[in-house]
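Single-letter residue listing:
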Amino acid sequence: MAMEAPPEEVYLFVAGTRPEAVKLAPVILALQAQGCATRLVATGQHRELFHDALGSFGLGADADLAIMRRGQSPAGAVAAMLPALTQQINRYRPATVIVQGDTASAFAGAQAAVYARCPLVHVEAGLRTGHGEPFPEEMHRRAIAQLADLHFAPTLAAAAALRREGVSRHCIHVTGNTGIDALHLAAAQLAGDAGQQAALRQRFAGIDLRRPLLLATVHRRENHGARLDSVLAALAVLAEDAEIVLPVHPHPAVAGPAKAILGGRAGVHLLPPLGYSAFLWLLQRATLVLTDSGGVQEEAPALGTPVLVLRDVTERCEGIASGNARLIGTDTTAILAAVSDLLGDAGARAQMSEAALPYGAGDAARRIVAVLRARYGRVQAAAE
Ligand code: UDP
């Protein structure tokens, strides 16, 4: 009698925003490379940004819940996601549900997994500011930590934060950040594609690379309003001595003020949100990065680009401690002082570039997949 094939193990990913797409892509690809079945459910929290980022890695979603409505609150989004995600989990009956980071999508995916009595895995676990901010992300992270069965912490500090909250050390694995894996994958792909490089050079031909290049991103909810205006006012002044490149987040609270304060200024390049490779091309050439993004705080140092963090607190404390990044807030005068300090001091910039990298060596996905397969791998277990 023919032996029945062991049941396929399905790994179900729930995600909805650009950084989740970037940081889960290496894990999905590593699982697929081992012949495992993966399914990705997009919540629809971000539409174009999410699907563009996934597409940069040759991936697509298996389902899109399209739950987002204009002006929807995080509470409304989570409430809409829960029943739809439960349906998807029941449809695929996965070995485990995997969520990443701290978004409403990750929080809803975590709850849906637990309600469906499905094991829950959290990638990039343990990041903490120790404050209520950023809100609601800090709340999401803490809540997911209480629900997950396996926690992949990017750093030792993140693992220690989980331990302080009572998570058993047997469930925590320190892997490095999968965002660094994503960066390495994209950098290798770009380096091997002369056509794409030429296209990007042409696309960005309007940027005067003989001047210092300041690459900025700003989008966080806590920076909307007066804090954003203050950052944009600083960028307007900085454009006198440097090229300012700002891929503008489509959120109306960002896009409106960016256009009003910086639109049409000499030396300022307001761009639409960029594909991952295009953004990487700019990161590789930037003199300094100014950002309130979480992922960009990790990527820029991995490329040796100094980072100024436009926040009062960060959960990426390791970058500040190692010297890759400086926390400068959003005050116009403070930004101008920090940038002019660094632009005038090549030695200080070199020191930041060369500081130790706290976020891993780009092998986080491999480590994560080894743990997942040892724990949930039916195919492997049957073969042994
Ligand atoms: N990113 C991108 N295009 C852009 C700006 C950023 O692909 O125009 C990438 C960036 O490289 C990083 C991710 O988007 O991997 C960060 O996303 P975001 O800043 O939206 O979220 P956060 O990291 O703050 O959660």
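Thresholds applied
Residues numbered from 1 in each chain as written. Predicted model: local features only at pLDDT ≥ 70, side-chain atom pairs only at ≥ 80, totals over all residues. Heavy atoms only, no water. Helix = DSSP H or I, 4+ residues; strand = E, 2+ residues; numbered from the N terminus. Buried < 20%, exposed > 50% of the residue type's maximum accessible area, 1.4 Å probe, protein only. Contact = heavy atoms within 4.5 Å. Areas by Shrake-Rupley, 256 points an atom, 1.4 Å probe, with all protein chains shown as cover. Lys, Arg positive; Asp, Glu negative; His and termini not counted. Charge placed at Lys NZ, Arg CZ, Asp CG, Glu CD. pLDDT = per-residue confidence, 0-100. Near = heavy atom within 4 Å. Polar contact = N/O pair within 3.5 Å; in protein donor to acceptor, adjacent residues only side chain to side chain. Nonpolar A, V, L, I, M, F, W, Y, C, P; charged D, E, K, R; others polar. Pairing = 2+ DSSP bridges. Axes fitted to C-alpha atoms, helices over the stretch in contact; angles between N-to-C directions. 1 Å grid on protein atoms, 1.4 Å probe; cavity = no way out; pocket = protein on both sides within 12 Å on 5 of 7 lines; lining within 4 Å. Points joined across faces, edges and corners; volume = space filled by probe spheres on them. Core = buried A, V, L, I, M, F, W, Y, C linked by side-chain atoms within 4.5 Å. Salt bridge = Lys/Arg side-chain N within 4 Å of Asp/Glu carboxyl O. Right-handed = clockwise from strand over helix to strand, strands pointing away.

(A) Structural detail: the overall build of the protein chain. Scanning the protein chain from N- to C-terminus turns up 17 helices and 13 strands. Projected onto its principal axes, the C-alpha positions of the protein chain cover 75 × 45 × 35 Å. Each of the 384 residues in the protein chain was classed as buried or not, and the buried ones make up 54%. Put simply, 67% of the contacts in the protein chain that link residues at least 6 apart link residues at least 24 apart. Summed over all atoms, the accessible surface of the protein chain reaches about 16000 Å², with 54% contributed by carbon and sulfur. Between the averaged position of the 34 positive side-chain charges in the protein chain and that of its 35 negative side-chain charges there is a distance of 3 Å.

(B) Representation of the confidence of the model for the protein chain in the model. Here the protein chain shows a mean pLDDT of 95. Residues at 70 or above account for 97%. Contacts of residues 1-6 to residues separated by more than four positions or lying in other chains number one contact, the stretch itself having pLDDT below 50. The low-confidence segment residues 380-384 (pLDDT under 50) makes four contacts with residues lying over four places distant or belonging to another chain.

(C) Representation of the site of the ligand. In the vicinity of the ligand there are 15 residues, among which Leu274, Ser293, Gly294, Gly295 and Glu299 approach most closely. For the ligand, an oxygen atom lies 3.1 Å from a polar atom in the side chain of Arg220. Within the side chain of Ser293, one N or O atom sits 2.8 Å away from an oxygen atom of the ligand. Relative to its unbound accessible surface of 540 Å², the ligand loses 94% to contact with the protein. With four residues, the single largest contributor to the shell around the ligand is helix α12 (residues 294-302). Of the residues in the shell around the ligand, the class split is eight nonpolar, four polar and three charged.

(D) Examining the side chain of Thr129 more closely. Within the secondary structure, Thr129 sits in the loop between β5 (120-123) and α5 (137-147). Side-chain polar atoms of Thr129 contact the backbone nitrogen of His131, separated by 3.1 Å. Engagement of the side chain of Thr129 in a polar contact is seen with the backbone oxygen of Glu133, the distance being 2.5 Å. In this view, Thr129 contacts Pro134, Glu138, Arg141, Val313, Thr314 and Glu315; residues no more than four positions away in its chain are not counted.

(E) The sheet that holds strand β3 (residues 63-64), seen in detail. A sheet is described by the order of its strands in space; here seven strands give the open sequence β3-β2-β1-β4-β5-β6-β7, paired in parallel fashion. With one partner strand each, in any of the chains shown, β3 and β7 (172-174) form the two edges of the open sheet. Note that strand β1 (residues 10-15) and strand β4 (residues 96-100) share three bridges and pair parallel. Its bridge partner lying in β4, Phe13 is registered against Ile98. Helix-sheet contacts for helix α2 (residues 48-56) involve β1, β2 (37-42) and β3, and the interaxial angle to β2 is about 155°.

(F) Region of the structure containing empty space enclosed by the protein. Taken as a whole, this structure holds two cavities of 30 Å³ or more when the rule is applied. The space that makes up the largest cavity amounts to roughly 40 Å³. Contributing to the lining of the largest cavity are Leu127, Pro154, Thr155, Ala158, Asn177, Glu298, Glu315, Arg316, Glu318 and Tyr359. Of the residues that constitute the lining of the largest cavity, the class distribution is four nonpolar, two polar and four charged. Estimates place the volume of the second largest cavity at around 40 Å³. For the second largest cavity, the full set of lining residues is Gln100, Val123, Glu124, Phe152, Pro154, Thr175, Gly176, Asn177, Thr178 and Ile368. Here the lining of the second largest cavity is built from residues that sort into four nonpolar, five polar and one charged.

(G) Representation of the nonpolar core within the structure. Of all hydrophobic cores here, the largest spans 56 residues; its most connected members are Phe13, Phe204, Leu282 and Leu372. Beyond its immediate chain neighbours, meaning those up to four positions away, Phe204 contacts Leu271, Leu274, Ala278, Trp281 and Leu282.

(H) Summary view of unusual backbone geometry. The residue after Glu133, namely Pro134, is reached through a cis peptide bond having omega -10°. One can find Pro134 in the loop between β5 and α5. Note the cis peptide between Phe135 and Pro136, where omega equals 5°. Note on placement: Pro136 falls in the loop between β5 and α5.

(I) Layout of the pattern of salt bridges. Going through the model one piece at a time under the given rule, you end up with 21 salt bridges. The closest approach of N and O atoms between Arg47 and Asp64, which form a salt bridge, is 3.0 Å. A residue pair is termed long-range when its members are at least 10 positions apart, and Arg47 in the loop between β2 and α2 and Asp64 in strand β3 qualify at 17 residues. The exposure class assigned to Arg47 is partly exposed, which follows from its relative accessible area of 40%. The closest approach of N and O atoms between Glu315 and Arg316, which form a salt bridge, is 3.2 Å. Taken individually, Glu315 and Arg316 each receive the classification buried, so the pair is uniform in this respect.

(J) How the structure looks around the pairing of strand β10 (residues 268-271). Bridge count between strand β9 (residues 243-247) and β10: four bridges; the pairing is parallel. If you follow Val245 over to β10, its bridge partner there is His269. Following the chain from β9 across helix α10 (residues 252-262) to the adjacent parallel β10, one finds a crossover that is right-handed.

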